[in-house]
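This is what each chain is made of:
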Amino acid sequence: MPLSIAAWNVNSINARLPTALEVLKEIDADVVCLQELKCEDPKFPRSEIEDLGYNIETHGQKTYNGVALLSKHRIEDVTRGLPGMEDDPQSRWIEAVIAAPGGPFRVASLYAPNGNPVGTEKYDYKLRFMDALLAHAKARLALEEPYVIAGDYNIIPRDVDCHSVAAWADDALFLPESKNRYRALANLGFTDAYMQVDGAPNVYTFWDYQAGAWNKNNGIRIDHLMCSPQAADKLESVAIHRDARGKEKPSDHVPIKGVFR
């Protein structure tokens with residue numbers, strides 16, 4: 001039985017709730033990994049999303065960050081906070097096992113640090129976070145199970161994943177040290193679902209609110225589904241739900257959804 005897994009940086013779940021509910025209905029994923037909730041757990045709109053048929057696990061934070069797992073199947077073995085970053089006050093990681101009909105799937109919702117401005121503690125934190133992610137991902141690979149790390153990585157993997165190399169050359173999302181962490185995850189054995197299925201250039205998941213970026217299609221691809229070998233073997237399709245960016249009061253990100261057999 002197929003299992004669909006989506007990642008979406010919602011950019012404030014409560015500020016955009018009507019649009020978020022509309023988009024969640026449209027993508028109709030079995031599992032949704034949300035990022036940038038911008039609310040503490042008690043403020044999450046649980047009843048409205050439960051009405052769509054989802055079980056919910058959140059790891060929220062006041063005003064900033066925050067991640068959640070929504071699942072139409074039972075959620076088990078929940079981990080809040082990235083192992084190796086136990087002292088981190090920022091809510092950027094939640095992971096669980098989804099009791100899917102076709103067999104268990106481990107899924108993580110990731111909101112990686114932006115890292116700007118470069119040359120500050122924010123960039124150092126970005127790299128430390130990614131190094132902790134790499135260590136955790138390597139440990140999880142030893143379990144040899146279907147595992148998807150889904151979310152906003154805040155990393156542009158290739159030149160063709162942005163509208164203008166010159167515009168992004170000095171940004172934390174595009175620097176070699178950032179891209180090296182993404183490549184290191186791939187070198188461990190994780191596959192970028194979009195690259196496996198399609199990989200076409202100039203397809204984006206984020207358009208800034210400034211300077212008419214959406215209308216000009218000045219976007220970047222920073223939201224990824226990274227799949228363990230066991231998950232990659234099951235991957236059938238990937239869709240980026242671009243239309244979500246054109247809705248009223250949209251997030252600046254759009255969902256990416258993979259379907260696994």
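To be clear, the structure that these remarks concern was listed above.
Rules behind the numbers
Residues numbered from 1 in each chain as written. Predicted model: local features only at pLDDT ≥ 70, side-chain atom pairs only at ≥ 80, totals over all residues. Heavy atoms only, no water. Salt bridge = Lys/Arg side-chain N within 4 Å of Asp/Glu carboxyl O. Phe/Tyr/Trp six-rings, centres within 6.5 Å; stacked < 30°, edge-to-face > 60°. Lys NZ or Arg CZ within 6 Å of the ring centre and 35° of its normal. Helix = DSSP H or I, 4+ residues; strand = E, 2+ residues; numbered from the N terminus. Buried < 20%, exposed > 50% of the residue type's maximum accessible area, 1.4 Å probe, protein only. Contact = heavy atoms within 4.5 Å.

Enquirer: Looking at this structure, how should I read the pattern of salt bridges?
Expert: Side chains that differ in sign of charge can pair as their charged atoms come close. Per the counting criterion, the structure on display carries 16 salt bridges. Between D161 and R158 there is a salt bridge; the shortest N-O distance is 2.9 Å. A cluster of three or more residues bridged by salt bridges with shared partners is formed by D77, E95, R106, R140 and E145.

Enquirer: Help me out: how do you make sense of the packing of aromatic side chains in this one?
Expert: The geometry of an aromatic ring pair is captured by two quantities: the separation of the ring centres and the angle between the planes. Enumeration according to the criterion identifies five aromatic pairs in this entry. Here the aromatic residues Y204, W207 and W214 are joined through ring pairs into a cluster of three or more. Directly above the ring of Y111 sits R92, whose terminal nitrogen or CZ lies 4.8 Å from the centroid. Looking at K179, its charged tip hangs above the ring of F174, at a distance of 3.7 Å from the centre.

Enquirer: Mind showing me how you'd approach the environment of F129 here?
Expert: Assignment of secondary structure puts F129 in helix 3 (residues 121-141). Using a relative accessible area of 1% as the deciding quantity, one classes F129 as buried. For the pair formed by F129 and Y209, sequence separation is 80 residues and the distance between their alpha carbons is 26 Å. Discounting chain neighbours no more than four positions away, the residues touching F129 are L82, M85, D88, R92, L110, Y111, A112 and P113.

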